[in-house]
Amino acid sequence: MALNNNRISKDQYFMKIAEVVSLRSTCIKRKVGAVLIKDSHILSTGYNGAPAGFNHCTPETCVRKDLEPGNQPELCRGVHAEINCIIQAAIHGTSIKGETTLYSTTFPCMSCLKLIINAGINKLVYKHDYNMENKVKEKMVNESKLIILKLV
């Protein structure tokens, strides 16, 4: 049987799924999708947006609409994609212990990074940089055992 040279890698496959998940995002500033994988199987997905049951932000109601990305994140009412992904696994009783990989369309913020590390996720694969000049975040990554891969 001949090999299919057009076949994408598993990293590309799961990132494409994360990109599709990001299309569900209700954030008006940045659409982010995440997929949590264990043993090459999808455990959960998440996208950023208002908490379940809350009204979604609109261009008129977003309190951060005039702020630069990353400024005053505490004002945002949205739950980040990476956290929603971890929450969905927990809600459905799915253990993420073991060899797990989180695919995220955007590198996590500081808060999400801390939760990813604390959840015991082994590997982070991302596509777009976010707040990479944050030296505290960089130090935290270097001190962690988290394997990080940027897909280009």
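Just above, that's the structure.
Everything numeric here is computed off the predicted structure, so don't read it as measured data. (Residues numbered from 1 in each chain as written. Predicted model: local features only at pLDDT ≥ 70, side-chain atom pairs only at ≥ 80, totals over all residues. Heavy atoms only, no water.)

(A) Local environment of the overall build of the chain. The number of helices and strands found in the chain is 4 helices and 5 strands. Taken against the 2.2 N^0.38 rule, which gives 15 Å for 152 residues, the C-alpha radius of gyration of the chain at 16 Å falls within 12% of a compact globule. Overall size of the chain, expressed as C-alpha extent along the three principal axes, is 55 × 35 × 30 Å. Sorting the 152 residues of the chain into buried and exposed places 38% on the buried side. Look at the contacts in the chain between residues 6 or more apart in sequence, and 59% of them connect residues 24 or more apart. Summing over all exposed atoms, the chain offers an accessible surface of approximately 9,600 Å²; the carbon and sulfur share of this is 54%. Positive and negative charge centroids in the chain, built from 20 and 13 side chains respectively, lie 4 Å apart. (Helix = DSSP H or I, 4+ residues; strand = E, 2+ residues; numbered from the N terminus. Rg over C-alpha atoms; globule rule 2.2 N^0.38 Å. Buried < 20%, exposed > 50% of the residue type's maximum accessible area, 1.4 Å probe, protein only. Contact = heavy atoms within 4.5 Å. Areas by Shrake-Rupley, 256 points an atom, 1.4 Å probe, with all protein chains shown as cover. Lys, Arg positive; Asp, Glu negative; His and termini not counted. Charge placed at Lys NZ, Arg CZ, Asp CG, Glu CD.)

(B) Local environment of the sheet that holds strand β2 (residues 41-47). Read from one edge of the open sheet, 5 strands run β2-β1-β3-β4-β5, paired in mixed fashion. Strand pairing shows two members of the sheet lacking a second neighbour, β2 and β5 (147-150), which therefore form its edges. Looking at each pair of strands side by side, their axes are set apart by 20° on average, direction ignored. Examined bridge by bridge, strand β1 (residues 33-38) and β2 share 6 bridges and lie antiparallel to one another. Bridge assignment links isoleucine 37 to a residue of β2, and that residue is isoleucine 42. (Pairing = 2+ DSSP bridges. Axes fitted to C-alpha atoms, helices over the stretch in contact; angles between N-to-C directions.)

(C) Seen up close, the packing of helix α2 (residues 81-91) against helix α3 (residues 110-118). Here α2 crosses α3 at 30°, and the two axes come no closer than 9 Å. Considering the angle they form, α2 stands roughly parallel to α3. The hand of the α2/α3 crossing is left-handed. Along its contact with α2, which presents Glu82, Ile83 and Ile86, the element α3 presents Cys112, Leu115 and Ile116. (Parallel < 35°, antiparallel > 145°, perpendicular 65-115°, else oblique. Left-handed = near helix turned anticlockwise from the far one by under 90°.)

(D) Structural context of the packing of aromatic side chains. One pass over the structure, following the stated rule, counts 3 aromatic pairs. Where phenylalanine 14 meets tyrosine 103, the ring centres are 5.4 Å apart and the plane angle is 45°; that geometry is what we call tilted. A residue pair is termed long-range when its members are at least 10 positions apart, and phenylalanine 14 in helix α1 (residues 10-22) and tyrosine 103 in strand β3 (residues 100-106) qualify at 89 residues. The class of tyrosine 103 is buried, set by a relative accessible area of 4%. Measuring from ring centre to ring centre gives 4.8 Å for phenylalanine 107 and tyrosine 126, while their planes differ by 80°; the resulting arrangement is edge-to-face. Separated by 19 residues along the polypeptide, phenylalanine 107 in the loop between β3 and α3 and tyrosine 126 in strand β4 (residues 123-128) bring together distant segments of the chain. Neither residue differs from the other here; phenylalanine 107 and tyrosine 126 are each classed as buried. Among the aromatic residues, those joined into a cluster by ring pairs are Tyr13, Phe14 and Tyr103. (Phe/Tyr/Trp six-rings, centres within 6.5 Å; stacked < 30°, edge-to-face > 60°.)

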